[in-house]
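One-letter residues, chain by chain:
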Amino acid sequence: MLQVKEIHTFYGLSHVLFGVSLEVRRGEVVCLLGRNGAGKTTTIRSIIGLTPPRRGRITFKGEEIAGRPTYQVARLGISWVPDNRRIFPDLTVAENLEIAERGSGAAPGQTWNLAKVFSLFPALKKIQGRRGGYLSGGEQQMLSIARALLGNPELLLLDEPTEGLAPLIVQELEEQILRLKQEGISILLAEQNVKSALKLADRCYVMDRGRIRYQGTVDELRRNEEVRARYLLV
């Protein structure tokens, strides 16, 4: 579904990604692991079009998307949940979702609507009238994912979804991500939380200093103590 081939991404004159390649197949959860600053978020931003790569290719369902505006990439079926959530703090939960639903265009055959989002995140239904700025971290994360789902994605990009959340909230979020996989949504998950990632992913890529250092299945990574010690232990 998604192929990233030898991309090089810069911030100004700073070379940040060096020949990064990865792929996500239909129905997979693929995890991009690495310490803070390894290049995970820049990889996600390169895919969604916020920081286009200067070299390399990115294809989605066989169509070249590198360098396209973000709104065009989103319309092809890719939704992004940023690490800082970016909800509207002065709008209620319902208003945040209403904006996202309108933006999706409510196309015929739309898979995700408010009723389905509330079935996945029943806690949001109970707090529809609460302003975004008064939500807990876990509630904000649920709202950010719910908003992304209203774009009816085939591929969901999740950037550090468990960061700063309490263990019980992380466990609940893991269950919801697995439900999304059962719905047939492909997921690229950027994470520092190795324990959580290994519960969710089918395959993993390990990044360090803007390069892919390792790739393999979850079981292969579990058995590879050298890679985990070198690139993933803080």
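Okay, so let's go over this structure. Only a predicted model underlies this, so the values are computations on that prediction, with no experimental measurement involved.

## Focus: the packing of aromatic side chains
Then comes step 1: The full count for this structure, using the stated rule, is zero aromatic pairs.
Then comes step 2: Of note, arginine 54 hangs over the ring of phenylalanine 10, and the distance from its end group to the ring centre comes to 4.1 Å.
Then comes step 3: When the ring centre of phenylalanine 18 is taken as reference, the NZ or CZ atom of arginine 211 above it lies at 4.3 Å.

## As for the layout of surface pockets
Then comes step 1: Of the pockets and cavities examined, the second largest pocket occupies roughly 160 Å³.
Then comes step 2: Around the second largest pocket, the lining residues are Arg35, Asn36, Gly37, Ala38, Gly39, Lys40, Thr41, Thr42, Asp83, Glu160, Glu163 and Gln192.

## Side note on the packing of helix α6 (residues 137–149) against helix α7 (residues 167–182)
Then comes step 1: Put simply, α6 and α7 touch, their axes get as near as 11 Å, and they point 10° apart. The orientation of α6 with respect to α7, classified from their angle, is roughly parallel. The two elements α6 and α7 meet at a crossing, and its hand is right-handed. Along the contact surface, α6 presents Gly138, Gln141, Met142, Ile145 and Leu149, while α7 presents Ile169, Glu172, Leu173, Gln176 and Leu180.
Then comes step 2: Tallied by class, residues from the contact of α6 with α7 come to six nonpolar, three polar and one charged.

## A closer look at the sheet that holds strand β4 (residues 55–60)
Then comes step 1: One open sheet holds the four strands; their spatial order is β2-β1-β4-β5, and the pairing between them is antiparallel. Edge positions in the sheet fall to β2 (14–24) and β5 (63–64), since each of these pairs with one other strand and no more.
Then comes step 2: Sheet analysis places strand β1 (residues 2–11) next to β4, joined by five bridges and oriented antiparallel. Its bridge partner lying in β4, lysine 5 is registered against arginine 57.
Then comes step 3: Along the sheet face, helix α1 (residues 40–48) touches β1, β2 and β4 and points at about 110° away from the line of β1.

Thresholds applied
Residues numbered from 1 in each chain as written. Predicted model: local features only at pLDDT ≥ 70, side-chain atom pairs only at ≥ 80, totals over all residues. Heavy atoms only, no water. Phe/Tyr/Trp six-rings, centres within 6.5 Å; stacked < 30°, edge-to-face > 60°. Lys NZ or Arg CZ within 6 Å of the ring centre and 35° of its normal. 1 Å grid on protein atoms, 1.4 Å probe; cavity = no way out; pocket = protein on both sides within 12 Å on 5 of 7 lines; lining within 4 Å. Points joined across faces, edges and corners; volume = space filled by probe spheres on them. Axes fitted to C-alpha atoms, helices over the stretch in contact; angles between N-to-C directions. Helix = DSSP H or I, 4+ residues; strand = E, 2+ residues; numbered from the N terminus. Parallel < 35°, antiparallel > 145°, perpendicular 65-115°, else oblique. Left-handed = near helix turned anticlockwise from the far one by under 90°. Contact = heavy atoms within 4.5 Å. Nonpolar A, V, L, I, M, F, W, Y, C, P; charged D, E, K, R; others polar. Pairing = 2+ DSSP bridges.

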